[in-house]
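Observations on the model geometry
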Amino acid sequence: MKKAISLILSAAFLCSVFAACSDKSANGNTDDTSSQSNIELKITVDAHYASLDESSIKAYEKLCNAVLNYESEVKYNVSLSDDVNRLFYTSFPQYVLVDGIDFLDDNSGVKITYANDKETQESKLKEFNTDVSKIMNKCGYGKVSKDEYLLNVYSYIARNFTVDNSVTTVFDTVLQGKGMSSTLSGLFEYLLLQNDIKASHLINVDTTSIAKMISLADFKGQKYFFDVTSELEDNSGKALKYFAMDTKRAQTGSGFMFTDNSSPDEIDDDTYSKLSTSSSYKIENSKVTVDIKGADDFEFDLD
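First things first, this report covers the structure right here in the doc.

We now examine the sheet that holds strand β11 (residues 287-292). Think of a sheet as strands paired side by side through backbone hydrogen bonds, with each pair either parallel or antiparallel. Taken together, the three strands give an open sheet; going across it, the order is β10-β11-β12, and neighbouring strands pair in antiparallel fashion. Of all strands in the sheet, those bounded by a partner on one side alone are β10 (278-284) and β12 (298-301). Each strand of the sheet is rotated relative to its neighbour by a mean of 20°, with strand direction disregarded. The pairing of β10 with β11 spans six bridges and is classified as antiparallel. Within the sheet, the bridge partner assigned to K282 lies in β11 and is T289. Helix α5 (residues 146-160) contacts β10 and β11 of the sheet and is inclined by roughly 130° relative to β10.

See below:
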């Protein structure tokens, strides 16, 4: 008997998971040449799941590569499907190109059906890759430190994207320049993971409204929370009020969890707490100078 992998459940799950520098760099300098070359995008893994069994990660990568190549089936151990599906729907924005995934009759792998014909899918993938590459290049990918890249990505999204709760996937957020909180934070994480910066997605457990989602990422050797959507809505990326937050400042408490329902560790490093009252900032020679309301400027270096 054929077993079906529930895309309906996964889609509902993803809506909760994933539910501007314009042509300037994050420090305000126009950089028209930075978006010329496409980058070969990686198949990424949310850092929270990086410790999953290697066989699960390899099976996930095989599924992703099959989708990218418009293959109709892929062979892997279907007993790993829970882990594979979790990775597929949280770490691979291109999942939206898939219409259905079913176990093969002999349970040797899965059969894939697509939402578009091959030509249309290839066109959409090309557009997605080009748009992601433009952002990465404008944010200094391969040219600045990872810490500076992270800040540039954060500011780029806050300055260039808009909030639109009708856009519910990271893939469409990239193509349309707008999205809901979950997809904006998901894009932030995806862009960091492309540069080998550890990043994870957190879900707001408040189900009474379309709640904001936040990210957990490594910055200057420590883990901090980041809320790019609140930055966008509050000041369009001019300040850093929601950047590099500890648990208290982020007000995470028990209000946020990973997509497997586990809770993040407490973060008590409040090095950047003064940023909560920031009004503007600038970057010069990898040094950030932040204007703090009613106080002296706050400075920090980007390694």
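So, on to the sheet that holds strand β2 (residues 98-103). In space, the three strands of this open sheet follow the order β1-β3-β2, with antiparallel pairing throughout. In this open sheet, the two edge strands, each paired with only one partner strand, are β1 (73-75) and β2. Neighbouring strand axes in the sheet, compared pairwise and without regard to direction, differ in orientation by 20° on average. As paired elements, β2 and strand β3 (residues 109-114) share five bridges and run antiparallel to each other. Residue pairing for β3: V98 is matched across the bridge by Y114.

Attention shifts here to the nonpolar core. Of all hydrophobic cores here, the largest spans 58 residues; its most connected members are F219, F226, L240, F243 and F300. A per-element tally of this core places α5 first, with eight residues. Apart from the residues within four sequence positions on either side, F300 is in contact with F219, L240, Y272, L275, S286, K287, V288 and V290. Core analysis: the next-biggest nonpolar cluster, separate from the first, contains 25 residues, L63, C64, V84 and L87 among them.

There is a patch of like negative charges on the surface, built from D291, D296, D297, E299 and D301. Within the fold, D297 resides in the loop between β11 and β12. Taking relative accessible area as the criterion, D297 reaches 48% and is therefore assigned partly exposed.

A separate point is the side chain of S56. Locating S56 in the fold gives a position in helix α2 (residues 54-68). Classification of S56 by relative accessible area gives buried; the value is 1%. Discounting residues that sit within four places of it in the chain, S56 has contacts with L80, D83, V84 and L87.

This brings us to the environment of N77. Checked against the element boundaries, N77 lands in the loop between β1 and α3 (81-91). In the structure, N77 is positioned 18 residues away from A59 in sequence and 7.5 Å away in space, judged by C-alpha atoms. For N77, the side chain forms a polar contact with the side chain of S79, separated by 2.7 Å.

Attention shifts here to helix α7 (residues 181-194). The end-to-end C-alpha distance of α7, which contains 14 residues, comes to 20 Å, matching closely the 20 Å that a straight helix rising 1.5 Å per residue would cover. The buried fraction of α7 amounts to 14 of the 14 residues, a majority that puts the element mostly inside the structure. Among the residues trailing α7, D196 stands out with phi positive, at a value near 60°.

Moving on, we get to the packing of helix α4 (residues 118-138) against α7. It is at 11 Å that the axes of α4 and α7 come closest, and there the two elements cross at 75°. One element, α4, and the other, α7, form an angle in the roughly perpendicular class. Here F128, V132, I135 and M136 of α4 come into contact with α7, specifically with Y190, L191 and Q194. A breakdown of the residues in the contact of α4 with α7 according to their chemical character gives six nonpolar, one polar and no charged.

On to the pattern of salt bridges. Enumeration according to the criterion identifies seven salt bridges in this entry. The residue K42 makes a salt bridge to D196 at a minimum N-O spacing of 2.9 Å. Note that K42 is positioned in the loop between α1 (7-17) and α2 and D196 in the loop between α7 and β6 (199-204), a separation of 154 residues in sequence. D218 is the partner of K223 in a salt bridge, and the nearest nitrogen-oxygen pair spans 3.1 Å. In this structure D218 comes out as partly exposed when scored by relative accessible area, which is 23%.

Another aspect to go through is the pairing of β3. The side chains of a regular strand alternate between both faces of the sheet. With three bridges connecting them, β1 and β3 associate as antiparallel partners. Counted as the bridge partner of E73 is K111 from β3.

Conventions we followed
Residues numbered from 1 in each chain as written. Predicted model: local features only at pLDDT ≥ 70, side-chain atom pairs only at ≥ 80, totals over all residues. Heavy atoms only, no water. Pairing = 2+ DSSP bridges. Helix = DSSP H or I, 4+ residues; strand = E, 2+ residues; numbered from the N terminus. Axes fitted to C-alpha atoms, helices over the stretch in contact; angles between N-to-C directions. Contact = heavy atoms within 4.5 Å. Core = buried A, V, L, I, M, F, W, Y, C linked by side-chain atoms within 4.5 Å. Buried < 20%, exposed > 50% of the residue type's maximum accessible area, 1.4 Å probe, protein only. Patch = residues over 30% accessible without salt bridge, like charges linked within 9 Å, V, L, I, M, F, W, Y side chains within 5 Å. Areas by Shrake-Rupley, 256 points an atom, 1.4 Å probe, with all protein chains shown as cover. Salt bridge = Lys/Arg side-chain N within 4 Å of Asp/Glu carboxyl O. Lys, Arg positive; Asp, Glu negative; His and termini not counted. Charge placed at Lys NZ, Arg CZ, Asp CG, Glu CD. Polar contact = N/O pair within 3.5 Å; in protein donor to acceptor, adjacent residues only side chain to side chain. Expected span 1.5 Å × (residues − 1). Parallel < 35°, antiparallel > 145°, perpendicular 65-115°, else oblique. Nonpolar A, V, L, I, M, F, W, Y, C, P; charged D, E, K, R; others polar.

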